[in-house]
Amino acid sequence: MVEQTPWWGALVLPAVLVAFAAAAVALDRGLDPARIGFGAAVAAPGRAVAGLLVQQRRRTLAADGLLWRGAGVVLVVAAVLASMVTPLGRWVVSDLSVGVVWFNAMEIMAWAAVWLAGWGPNSAFALVGGYRFVAQGLAYELPHMFVLTTAALGAGSLRIGDIVAAQQGLWFAVWMPVAFVVYLVSVLGMAFARPFDHPAGADLAGGALAELSGVDRLVLSAGRWVLLVSGAAMAVPLFLGGGAGPLLPDWLWSLVKTAVVLGALVWAGHRLPTVRMERYAEIAWMVLVPATLLQALIVSLVVL
Amino acid sequence: MDVTGWLLRHTPPRPMVVTAPGGTSARVAVERAVLARGWRPALNPARTNLLVVAGHAPWLEPYLRRVWDSIPAPRVRVDVPEALDERLLDDALAALRDPVRQRTHHTEPVEDVFMADRAPDRDGLTLDELHVPLGPVLAYWPAGLIVHTRLQGDVVTAATVEVAGAGTATGDAFWSGADPVARRLDACGRLLALAGWTDQAVVAQRLRDAVLDGRPADGLARFTARVRRSRTLRWLLAGVGHVTDGPFAGDALTRLYGWLDGTGPPPDTRWALDHLPELLAGTELANARLVVASLDPDLEPSHHG
């Protein structure tokens, strides 16, 4: 059902992810209430890249340069590696037998990346932004891991290909709705995308990203958007039946479903104010952890 | 091919607006022009390439120099002392995109090290404590206000208030001649932006500009209903900056609703300045910012500062 691509699949993957990230940025700008128009929104990602390429790299006093500037690289690499196990139609770069675990392990590198970005520049606001991301991770990660486990339970396998195959009758999103919704919420959390953008909040003048400029900022922002794309794309094989669908070829179904999930996530970010962990952590631990555990229990009883 | 020139020509302007006390009229004009041109405001020196100074205050200059020194090239400074001539922004854009004018300078790291020592935290553990000033150059912050905080992690353990340039608490004369609805919408916009609801903050700004122009503020009722209806906002602002009595009785949410309904709270900068230290002590930095925005202190420049 899912087969590994030749070696060049690993080169196509980053290009696909970056294309989706650019589209997400364009949509984000298009949804802005400043209403810049369709053409300007489409041009926005390219112009942002141009602006950052020509901008000087900022230095701060007594910064930990290596860790600070390395943060963006870690984020990009982790986001791309996470998608190595995500199938596009029937092709996948690497169909690991522990695909779900691999995906989760790569995402968790974001914790280190964002914390380093906040800690590196030796700046109070950036540091507080880094703290906020650690708190955010503690809130979203447990429910997130439980929903990944739930999808794996439903298929009786940690291999993404098996999870897709197990949804031939019924999508997991239909009979594991709680897991699906919590998965989407935690994707926003891990990419610290709106409304979970408090680590880079306006009240901290940009928080963990406050001191970054030029190519350093470009790399970190790219990592952030690619991570959002990675998360959105993984929702398709985990919950939306992978490439299954009528008429269209399976790779196109994968792209369409990913675009819909990504669009919904970006759109949601415009509808809501920033969620602070000081409030959210309580919901995460008192509501989402029990709810996702209960969902896992129900799923394991069904497949028994 | 001249790559640098090409990149500069495609660089989006990212203005960072710094307001001096008494600079409200310039700020409003700049914010309006920025929105109309579809430029995205920058929150910090690292992100900006267009430092716009609204109003004028000699005491602010040293702060502005530090900000300027920490802005990476390409960069342009624009001073808007009072009324905004749109040509100022056109010229700034041309300067930003001119490779010759952007070529020469290099920025050096700015000395931005905060004083640090140790003190017991909320749980009695000895923890690092940073002395971090909030303002006078900070996005969505009242012009002319400096709050000196002691920070442990992201918790404000103590705060003292300084009114820079020995300003007074009577408020910017700009608002005394304007429809009070406009001022309330201005405050709403700042609070919503800090709460991370950028989209509705922009709507508030648009409505403010319409009211200032005397145009019909289409959508004011829709905006009010929309913000009041948001359960998420209610959940996020309830209990923040709770005050039992005085002009601001209630929390950040009830003060926001008061602005939306036109019932209050009335601006009372004196009260706000007097009570900020006790309201901020023990809050998280995020809440401290929301508290200040929900009291919306408005400072008049001193006439000899």
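What you see is a predicted model, and the numbers here were worked out from it, not measured in a lab.

## Some remarks on the interface of chain A and chain B
Then, in step 1: Each partner contributes residues to the interface: chain A has 49 residues there, and chain B has 60 residues.
Then, in step 2: Taken over both partners, the interface formed by chain A and chain B buries close to 4600 Å², and the fraction arising from carbon and sulfur atoms is 57%.
Then, in step 3: It is Gln56, Pro273 and Arg279 of chain A in chain A that bury the most area against chain B; as a group they hold 14% of the surface buried on that side.
Then, in step 4: Scanning the region where chain A abuts chain B turns up 1 salt bridge.
Then, in step 5: For arginine 194 of chain A, the salt bridge goes to aspartate 199 of chain B, with nearest N and O atoms at 3.6 Å.
Then, in step 6: Between chain A and chain B we count 17 residue pairs in polar contact (both at pLDDT 80 or more) in total.
Then, in step 7: Among the secondary structure elements, those contributing two or more residues to the side of chain A that touches chain B are helix H2 (38-54), helix H5 (124-155), helix H10 (250-271) and helix H11 (277-303) of chain A.
Then, in step 8: No other element matches H2 of chain A, which puts 7 residues into the side of chain A that touches chain B.
Then, in step 9: Residues belonging to the side of chain A that touches chain B are distributed by class as follows: 24 nonpolar, 10 polar and 15 charged.

## A few points about the sheet that holds strand E2 (residues 50-54) of chain B
All names here are of chain B.
Then, in step 1: Read from one edge to the other, the open sheet built from 3 strands follows the order E1-E2-E3, with strand pairing classed as parallel. Either end of the sheet is taken by a strand with one partner, and the two such strands are strand E1 (15-19) and strand E3 (76-80). On average, each strand axis in the sheet is tilted by 20° relative to the strand beside it, whichever way the strands run.
Then, in step 2: In this structure, E1 lies alongside E2, joined through 5 bridges in parallel fashion. Along E2, the bridge assignment pairs proline 15 with leucine 50.
Then, in step 3: Along the sheet face, helix H4 (residues 86-96) touches E2 and E3 and points at about 170° away from the line of E3.

## Examining unusual backbone geometry
Then, in step 1: With an omega of 0°, the peptide bond running from alanine 73 of chain B to proline 74 of chain B counts as cis.
Then, in step 2: With respect to the helices and strands, proline 74 of chain B occurs in the loop between helix H3 (61-69) and E3.
Then, in step 3: In this model, glycine 135 of chain B is joined to proline 136 of chain B through a cis peptide bond whose omega is 0°.
Then, in step 4: Structurally, the position occupied by proline 136 of chain B is in the loop between strand E5 (126-134) and strand E6 (145-152).
Then, in step 5: Phi at phenylalanine 192 of chain A is positive, roughly 30°, even though this residue is not glycine.
Then, in step 6: One can find phenylalanine 192 of chain A in the loop between helix H8 (177-190) and helix H9 (214-239).
Then, in step 7: Note on phenylalanine 192 of chain A: relative accessible area 0%, which makes it buried.
Then, in step 8: Within the chain, leucine 247 of chain A stands out as a residue other than glycine whose phi angle is a positive 65°.
Then, in step 9: By the element assignment, leucine 247 of chain A lies in the loop between H9 and H10.
Then, in step 10: Looking at leucine 247 of chain A, the relative accessible area reads 91%, which means it is exposed.

Conventions and cut-offs
- Residues numbered from 1 in each chain as written.
- Chains lettered and ligands numbered in written order.
- Predicted model: local features only at pLDDT ≥ 70, side-chain atom pairs only at ≥ 80, totals over all residues.
- Heavy atoms only, no water.
- Contact = heavy atoms within 4.5 Å.
- Buried area = accessible area lost by both parts, 1.4 Å probe.
- Salt bridge = Lys/Arg side-chain N within 4 Å of Asp/Glu carboxyl O.
- Polar contact = N/O pair within 3.5 Å; in protein donor to acceptor, adjacent residues only side chain to side chain.
- Helix = DSSP H or I, 4+ residues; strand = E, 2+ residues; numbered from the N terminus.
- Nonpolar A, V, L, I, M, F, W, Y, C, P; charged D, E, K, R; others polar.
- Pairing = 2+ DSSP bridges.
- Axes fitted to C-alpha atoms, helices over the stretch in contact; angles between N-to-C directions.
- Buried < 20%, exposed > 50% of the residue type's maximum accessible area, 1.4 Å probe, protein only.

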